[in-house]
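# Commentary on secondary and tertiary structure
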Amino acid sequence: QPQPAESGGGSVQAGGSLRLSCEVVGYPHCSYDYKWYRQAPGKEREFVSFYSHDGDTKSYADSVKGRFTISYDSGKKTLFLQMNSLKSDDTAMYYCKMEGTMASGCYGGEYWGQGTQVTVAS
């Protein structure tokens, strides 16, 4: 099974930046949509950002719009989340997710990483 692997988390001051990475090697015959989620203590896991399999669509939760940027390097098979102007409310465990697309015949395949911690100090 594909095993997404996040990295790049850490502790930063409010207003600072971090770039998260996620290795997203999947089945050769499949195309995947990619998403970032996060979960803070005592809260439900929430959607952060979306990157479509072909890169045509990128979207963001309202809470991070204008501050975060999602991107993908096909050569490195790595998904990125550039996080700028970080706030204390961004403190959470961040997870990447791969979702097989219907067009590639891989719908139903969902794969989560184990997460990387982001802590923003005020």
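First, a word on scope: everything that follows refers to the structure included in this document. As the structure is a prediction and not an experimental result, all values here were calculated from the model. Note on numbering: residues in each chain are counted from 1, in written sequence order. Reporting in this predicted model follows two pLDDT cut-offs: at least 70 for local features of residues, and 80 or more for side-chain atom pairs to be given and counted; totals over whole chains, interfaces and linings ignore these cut-offs and use all residues. Computation of side-chain values: all heavy atoms of the structure, hydrogens and water removed.

### Some remarks on the sheet that holds strand β3 (residues 18–23)
Each strand in a sheet pairs with its neighbour through backbone hydrogen bonds, running either in the same direction (parallel) or in the opposite one (antiparallel). In this scheme, strands are said to pair when DSSP sees at least two bridges between them. Helix and strand definitions follow DSSP, with helices as H or I runs of at least four residues and strands as E runs of at least two, each counted in order from the N terminus. Taken in spatial order, the 4 strands line up as β1-β3-β8-β7 in an open sheet, and their pairing is antiparallel. Two strands lie at the open edges of the sheet, namely β1 (5–7) and β7 (68–73), each paired on one side alone. Neighbour-to-neighbour, the strand axes of this sheet turn through a mean angle of 20 degrees, independent of strand direction. Inter-axis angles, ranging from 0 to 180 degrees, are taken between N-to-C directions of lines fitted to C-alpha atoms, where helices are fitted over the stretch in contact.

### With respect to unusual backbone geometry
Its identity is not glycine, yet Lys 77 carries a phi of approximately 50 degrees, on the positive side. Within the secondary structure, Lys 77 sits in the loop between β7 and β8 (78–83). Backbone geometry at Ser 85 places phi at a positive 50 degrees, although glycine is not the residue there.

### Re the state of the cysteines
Any pair of cysteine sulfurs within 2.5 Å is marked as a disulfide. In the structure shown here, the tally under the stated rule is 2 disulfides. Disulfide pairing is shown between Cys 22 and Cys 96; the S-S distance is 1.7 Å. Of the two residues, Cys 22 sits in strand β3 while Cys 96 sits in strand β9 (residues 92–100), which places them 74 residues apart along the sequence. Cys 96 matches Cys 22 in its accessibility class, with the two residues each being buried. Put simply, Cys 30 and Cys 106 are joined by a disulfide, and their sulfur atoms are 2.0 Å apart. Looking down the S-S bond of the Cys 30 and Cys 106 bridge, the torsion is -80 degrees, so its handedness is left-handed. Taken as a pair, Cys 30 in the loop between β3 and β4 (32–39) and Cys 106 in the loop between β9 and β10 (110–112) lie far apart in primary sequence, 76 residues in all. Cys 106 matches Cys 30 in its accessibility class, with the two residues each being buried. By sequence order of its bonded cysteines, the chain has the disulfide arrangement 1-3, 2-4. Three exposure classes are used, based on accessible area relative to the maximum for each residue type with a 1.4 Å probe and protein chains only: buried under 20%, partly exposed in between, and exposed over 50%.

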